[in-house]
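Chain by chain, the residues run as shown.
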Amino acid sequence: IFLYMSISFFVSLFLLSTIILASSPNVIIYAHPGCTQDTPSFSNSYSGDDPDSPHSSGEILISWTIDCVKATFNVTMRARATGWVAMAIGDSGSMYPSDITMGWVTVNHDGGDNHNETYQTVTVRDKFATANKAPKDDTQLDPPGTDDILPGSVSGSEIDGVTIISFSRQLVSNDVLYDRSLPPTEVHLLWAFNSASDDPTEQHTSHGGVLINFYSGRPALQVDIRLMHGLIMLLMWGLLVPQATFIAAYMKAIGHWWYRLHLGIQVIVILGTSLAFF
């Protein structure tokens, strides 16, 4: 019995330590905290499910290259949609306030001899969301900001129901009001698209986001607070408290050690329960 209780006790400590580490926002250590002389560029991507995958549900892929030499942030968005596609960099997981880049491809029908020729026009806008409604161009805000999309960097296409938008912007923006520079830390990357409409005032039909480091490409560990609370409480009151009760009732024959074990477990339960409510 003593051996069983000892093993259970240390297993409980291990599980509690694992939960504490898992809930820490600093678990991920990034190998590339930012631009360095030895690492002139970083190329990464985030998939809300790859649009090329037949099993896709989120249907968007955002890839980017950080060029430390030219100090540019080069992005390509690919979505299974024929409407507008957007990504945002925000301070929180909310749409606002966030720095938004939105693009769409307009399919124009040429009235030439064949009457069936088409050509495509790609539009990319630098926007900012100040409320939970359609964002405005930075240049239309009060006070006005600047359009930080680099000239000549915009390209894209709309083929077989997949829209591709590419653009570049400065790594460190001069528009301190509405554009977010890319820090070597975790930021919120949000995405959205409208499956059919190019009208930027139309609401998205799909959206999502992730807390990510753009330099390493690694998403931050996402913690479900309610789940962590439940797991800790289950560990404390479902495993440790019954052990402490069992020790006090049936293990007094081991001498004064029963009291130390009982007390030690109770202290852990108090600390764990307090942690669960933070």
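Preceding this paragraph is the structure being described.
The rules behind these values
- For every chain, the first residue of the written sequence is number 1, and numbering continues from 1 along that sequence.
- Owing to the predicted nature of the model, reporting of local features is limited to residues with pLDDT of at least 70; listing and counting of side-chain atom pairs is limited to 80 or more, with chain, interface and lining totals taken over all residues.
- Computation of side-chain values: all heavy atoms of the structure, hydrogens and water removed.
- Under the pairing criterion, centres of Phe, Tyr and Trp rings, with the six-membered ring standing for Trp, must be within 6.5 Å; the plane angle then separates stacked pairs below 30 degrees from edge-to-face pairs above 60, leaving the rest tilted.
- Secondary structure follows DSSP: runs of H or I at least 4 residues long count as helices, runs of E at least 2 residues long count as strands, and numbering of each begins at the N terminus.
- Burial here depends on accessible area, computed with a 1.4 Å probe over protein chains only, as a share of the maximum for the residue type. Under 20% is buried, over 50% is exposed, and the range in between is partly exposed.
- In this analysis, a patch consists of residues with relative accessible area above 30% that form no salt bridge, clustered at 9 Å for like charges and at 5 Å for the nonpolar side chains Val, Leu, Ile, Met, Phe, Trp and Tyr.
- To measure how exposed things are, a 1.4 Å probe is used in the Shrake-Rupley method; for residues, cover is taken only from the protein chains shown.
- Think of a salt bridge as a Lys or Arg side-chain nitrogen and an Asp or Glu carboxyl oxygen that are within 4 Å of each other.
- Here a helix's expected span is defined as the number of its residues, less one, multiplied by 1.5 Å.
- Picture the helix axis, draw a direction to every C-beta atom, and the arc is the one those directions span.
- In this scheme, strands are said to pair when DSSP sees at least two bridges between them.
- Axis lines are fitted through C-alpha atoms, for helices just across the contact stretch, and the angle between N-to-C directions can take any value from 0 to 180 degrees.

**Focus: the packing of aromatic side chains**
Taken as a whole and assessed by the stated rule, the structure comprises 7 aromatic pairs. When the centroid spacing of 5.3 Å and the interplanar angle of 80° are considered together, the rings of F73 and F214 count as edge-to-face. One end of the pair, F73, is in strand β3 (residues 72–79); the other, F214, is in the loop between β11 (206–213) and α2 (225–250), and 141 residues separate them in sequence. Classification of F214 as buried rests on a relative accessible area of 1%. A ring pair is formed by F246 and Y250, whose centres lie 5.2 Å apart and whose planes are at 45°; its orientation type is tilted. A residue pair is termed a helical-turn pair when its members lie 3 or 4 positions apart in one helix, as F246 and Y250 do in helix α2 at 4 residues. F246 sits in the partly exposed class, given a relative accessible area of 27%.

**A short note on a nonpolar patch on the surface**
On the surface, Y259, L263, V267 and L271 cluster together to form a nonpolar patch covering roughly 390 Å² of accessible area. With a relative accessible area of 40%, V267 lands in the partly exposed category.

**Some remarks on helix α3 (residues 257–276)**
For α3, which comprises 20 residues, the first-to-last C-alpha distance of 28 Å matches the rise-based estimate of 28 Å (1.5 Å per residue) to within 8%. Residues W258, H262, I265, I268, V269, G272, T273 and A276 constitute the buried set of α3. For α3, the buried positions fall inside an angular range of 130° around the axis, keeping them on one side. Turned more than 90 degrees away from the buried face of α3, the exposed residues are I270 and L271.

**A word on the sheet that holds strand β9 (residues 162–170)**
Strands in a sheet are paired, the pairing made by backbone hydrogen bonds, and the direction either parallel or antiparallel. Here 5 strands make up an open sheet; going across it, the order is β1-β2-β3-β9-β8 and the pairing antiparallel. Looking at strand neighbours, the two that pair on one side only are β1 (41–47) and β8 (155–159), the edges of this open sheet. Between one strand axis and the next, the sheet turns by 10° as a mean value, whatever way the strands run. Relative to strand β2 (residues 60–67), β1 runs antiparallel, the two being bridged by 7 bridges. Bridged to S43 within β2 is T65.

**Points about the pattern of salt bridges**
Overall, the coordinates contain 4 salt bridges when judged by the stated rule. Across the salt bridge formed by R169 and D99, the nearest N and O atoms sit 2.8 Å from each other. You can see R169 sitting in strand β9 and its partner D99 sitting in strand β5 (residues 98–109), a full 70 residues away along the chain. The exposure class of D99 is buried, given its relative accessible area of 2%. Note that D137 is salt-bridged to R125, the shortest N-O span being 3.3 Å. Pair noted here: D137 is in strand β7 (residues 136–137) and R125 is in strand β6 (residues 118–129), with a separation of 12 residues, a long-range link. Relative accessible area serves as the criterion here: at 8%, D137 is assigned to the buried category. Because the salt bridges share partners, they merge into one network encompassing R125, K127 and D137.

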